[in-house]
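Now for the letters of each chain:
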Amino acid sequence: MEKLLNYINGKLLPPKGEQWLDNIEPATGKCYSKIPLSNKKDLDIAVEAAQKAFPEWSNCGHEIRSEWLLKLSDAIEAHMDELVAAESKDNGKPEKLARAVDIPRASANFRFFAKAASQFASESHFMEGEAINYTLRRPLGIVGCISPWNLPLYLFTWKIAPALATGNCVIAKPSEITPMTAFLLSKICIEIGFPKGVLNILHGNGAEIGQEIVSHPKIKAISFTGGTQTGRQIAATAAPMFKKLSLELGGKNPNIIFDDANFESALNTSVKSSFANQGQICLCGSRIFIQESIYKKFKPAFVAKVKALNIGDPLDPKNQMGAVVSKAHLEKIEHYVDLAVKSGGKIIAGGKRISLDGRCKQGYFFEPTIIEGLDAFCQINQEEIFGPVVSLIPFKEEQEVLEFANSTAYGLSSTIWTNNLNRAHRMAEKIESGIVWVNTWLLRDLRTPFGGTKQSGVGREGGWEAMRFFTEAKNICIKYQ
């Protein structure tokens, strides 16, 4: 059985503690590789390597750093087939989704920030007849990047790329649930001769090596994407140490459909925004609010399209949904569906595990599930499930649905369907979320700020926001003589 290795100072190394975790394929429920259970000794070696690499990397100039990031981008594209297969096997998502979204975006992340490095500029402020101020932005030093399991390489590179582009050295930890493509990225780094010590990848549990990364005094910033509870723990550790923090956390996103919307567009996109990646995207719209005048039209049309989705082996190109990521996550989804029924909700589609034949007999498959009959303020509609489960909730007027949408502790994203331009602007301003899509979903421009409000996070990623996060601003004032 293959053993994954840590990537430290340009080499693949086993964990110092010689302990390993099982890596389970969600579609089969079987262990297919072993993951390093890293500890502080592994981290100390990685930090030492990063310290040695930092002076040269931070001062080599943005042109050289850009060239290296472009090489990484090209190498990811060259290894497309291998990475697609690994991402699907590790995560449970259909291969065609990994090929269309995950791996191309990972390559695009490096390419985007390679180009951003050459455009990143600072400010100057002229004090008439007296002085001039200008701002230097320098890398922080060693930074920690901790990424989740739902979009493994996509979000892993989303953090690493701007950190490297701005001259930092990185200690990165992928999710222990989906580590394979990060391991393959380690091999790619070795293949292209990426500078030693600049990027180091450690595998293991979040509670162990993740916590060690967060608490290490020589790591100056933490960029984390994951659950809100884990984000709270990270903040409790890092804040007293005065580390910079970027936290992209959970969501309970509203999908609001007014009666003047383009019905077919809202219907078709809502199927995607509900169940893409088995509903395991932090931006999925798990609360669907439909204006009363079209509720009776929308519900049967939506149910029919959801029931027509093909769920099964991720290797089969006809399947639109694969397995959820783990047995524990499958049981969590089941718990919430049972709770919905006990709370008075009605399951109008799905609601059960799926048993398949063949190689996926022991896999973690769950039907796309639609619930109705629950009010907007019940537990099911307030807590993040992060799976293929959505609620349908009718509403009457704009003010009512705004109250429904803003009722949760989260504020990551929202989607508004309307052809009324004034309403679109009013709702977009008043809705409590960091991202608002109008008449679309998951249309992303990498230049824009990405992140949430309330318990959905702290800070923003993407574009200049990411470049600023990974640098320290220094104002220099020169007085005229």
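Our structure's up above, just so we're on the same page.
Summarised in this report is the structure supplied together with it.

Cut-offs applied
- Residues numbered from 1 in each chain as written.
- Predicted model: local features only at pLDDT ≥ 70, side-chain atom pairs only at ≥ 80, totals over all residues.
- Heavy atoms only, no water.
- Buried < 20%, exposed > 50% of the residue type's maximum accessible area, 1.4 Å probe, protein only.
- Helix = DSSP H or I, 4+ residues; strand = E, 2+ residues; numbered from the N terminus.
- Arc of directions from axis to C-beta.
- Contact = heavy atoms within 4.5 Å.
- 1 Å grid on protein atoms, 1.4 Å probe; cavity = no way out; pocket = protein on both sides within 12 Å on 5 of 7 lines; lining within 4 Å.
- Points joined across faces, edges and corners; volume = space filled by probe spheres on them.
- Nonpolar A, V, L, I, M, F, W, Y, C, P; charged D, E, K, R; others polar.
- Pairing = 2+ DSSP bridges.
- Right-handed = clockwise from strand over helix to strand, strands pointing away.

## A short note on helix H7 (residues 206-215)
Moving on, step 1. For H7, the complete set of buried residues consists of Ile209, Gly210, Ile213 and Val214. The buried residues of H7 occupy one face: seen down the axis, they fall within an arc of 145 degrees.
Moving on, step 2. Close packing links the buried residues of H7 with helix H1 (40-59), strand E8 (142-146), strand E9 (169-173), strand E11 (219-225) and helix H8 (228-238).

## Quick word on empty space enclosed by the protein
Once rolled over the atoms, a probe with the size of a water molecule shows which space is left empty.
Moving on, step 1. Counted under the stated rule, the structure contains 3 cavities of 30 Å³ or more.
Moving on, step 2. Here the largest cavity defines a volume of roughly 110 Å³.
Moving on, step 3. Every residue lining the largest cavity is counted, 15 residues in all, and those nearest its centre are Gly279, Cys284, Ser286, Phe386 and Gly387.
Moving on, step 4. Looking at side-chain class alone, the lining of the largest cavity contains 7 nonpolar, 6 polar and 2 charged residues.

## Considering the pairing of strand E12 (residues 244-248)
Moving on, step 1. Here E12 lies mainly inside the structure; 4 of its 5 residues are buried.
Moving on, step 2. As paired strands, E11 and E12 are joined by 5 bridges and run parallel to one another. The partner of Ser223 across the bridge, within E12, is Ser246.
Moving on, step 3. Following the chain from E11 across H8 to the adjacent parallel E12, one finds a crossover that is right-handed.

## Here's the deal with the sheet that holds strand E5 (residues 30-36)
Moving on, step 1. The strand order across the open sheet formed by 3 strands is E1-E5-E4, and the pairing between neighbours is mixed. Each end of this open sheet is capped by a strand with a single partner; those strands are strand E1 (2-3) and strand E4 (20-25).
Moving on, step 2. Sheet topology note: the E4/E5 ladder contains 6 bridges and is antiparallel. Looking at the pairing, Glu25 lines up with Lys30 of E5.

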